Amino acid sequence: MSGTEHLTVRREGATAVLILNRPGAKNALTLPMLVGLYDGWLDADADEAVRSIVLTGAGGCFCAGMDLKALAGTRSMGGDADDEYRARLRADPDLHWKAMLRHHRPRKPVIAAVEGHCVAGGTEILQGTDIRVAGASATFGLFEVRRGLFPIGGSTVRLPRQIARTHALEMLLTGREYGAEEAYAIGLIGHVVPDGTALEEALSLAERINSCGPLAVEAVKASVYETADMGEEEGLAAELKRGWPVFATQDAAEGARAFAEKRRAVYRRK
C-alpha cells in the first residue's frame, strides 16, 4: 500500500496502518493529507487481504485539527503537487468530508491509536472510528467555538449519540481540553494505555479482529451502524437481513469445523 505527502500507509499483517505525518505541525490537516486519507480508506476496503485499519499520527501526536493557514486561504503545503490535490477536490467537492469519515464509513473496522493532541478536527475524525485507544497523556477537545467557528465535521450530530448529551454539550460549548482519563470516563475512548503504547495496543486489538471471520466482522459492523437510529422492531428485522446470510458462508462452516477440531480457523472470505 502507498500513501501521499503528509500521510504514510503501511501494512502490519492483515492491518492497514494510516499515519498522519506532519509531526512538526502536530499533524494538522492539509489538503494532501486529506486526499491521502480518503485514498487510504478506499484502498484498505478494496484490498481483500486487509481485515482492519488503524489510524494514528507520527511524532507522538494524533491530530491538532485543520491547518488554520490553509483554512485562511494559503497554499496547502503540497509543493509542486498542490495543484493536483486541488484538482482532486474540484472533481469531488465532498472529498475532505469523506477523508474525515463524515460522509464515508469504511466497511472494515477502524481503530484509532491516539498519542498527544487529538483536538478540534482530530476529535472530529476520532468520532468516525470504531474503537479508540489513547496514551495516558493524550488530550481531546473541540475548540472551534473558542475561535468563533463551528465543529462542522459532524460533532454536533455524532457526539451526543456516542456519549451522554450533557457531556457532549459541555465539550461542544466550552471548547475546553479533556485528558485521557476524563475522555475514557465519559465514553469518548475505550482504552487508556501507557504513553507510547497506543499503536501497539491498537495493533493487538486489530489482530484479534483479524483472527475472526471477515464476512462476519463486516456484517456486524454494518448492522450496528445501520440499526442505530431504528426502533427495536425495525432494527431486529434489519439485523436478520444482515446476519442470516453469514450463516450460509463457507467461512461459517469453517468456523464450526475449526472449533470441533480444536484448531485455528482459516477464513477465506467466502
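In the block above lies the structure referred to throughout.
Note that the coordinates shown come from a computational prediction; the quantities given were computed from them, not determined experimentally.

Basis of the calculations
- Residues numbered from 1 in each chain as written.
- Predicted model: local features only at pLDDT ≥ 70, side-chain atom pairs only at ≥ 80, totals over all residues.
- Heavy atoms only, no water.
- Helix = DSSP H or I, 4+ residues; strand = E, 2+ residues; numbered from the N terminus.
- Pairing = 2+ DSSP bridges.
- Buried < 20%, exposed > 50% of the residue type's maximum accessible area, 1.4 Å probe, protein only.
- Right-handed = clockwise from strand over helix to strand, strands pointing away.

**A look at unusual backbone geometry**
And then number 1: Positive phi, close to 55°, is recorded for Asn 27, a residue that is not glycine.
And then number 2: Turning to its location among the elements, Asn 27 is positioned in the loop between β2 (15-20) and α1 (31-46).

**A short note on the sheet that holds strand β5 (residues 117-119)**
And then number 1: Taking strand neighbours across the sheet as the criterion, the three strands line up as β5-β7-β8 in an open arrangement whose pairing is mixed. Edge strands, defined here as strands with exactly one partner in the open sheet, are β5 and β8 (178-179).
And then number 2: In the sheet, β5 pairs with strand β7 (residues 139-141) via three bridges, with the strands oriented parallel. Opposite Cys 118, over in β7, you have Phe 140 as the bridge partner.

**As for the environment of Asp 82**
And then number 1: Considering the arrangement of structural elements, one finds Asp 82 in helix α3 (residues 82-91).
And then number 2: Taking the relative accessible area as the measure of exposure, Asp 82 reaches 0% and is therefore buried.

**Digging into the pairing of β2**
And then number 1: Burial runs high along β2: six of the six residues are buried.
And then number 2: Side chains of β2 alternate between two faces, with Thr 15, Val 17 and Ile 19 and Ala 16, Leu 18 and Leu 20 buried alike.
And then number 3: With six bridges connecting them, strand β1 (residues 7-12) and β2 associate as antiparallel partners. Bridge pairing in β2 links Leu 7 to Leu 20.
And then number 4: Both β2 and strand β3 (residues 52-57) contribute to a ladder of six bridges, which runs parallel. Pairing of Thr 15 across the sheet is with Ser 52, part of β3.
And then number 5: Regarding topology, α1 serves as the crossover connection from β2 to the parallel β3, and that connection is right-handed.

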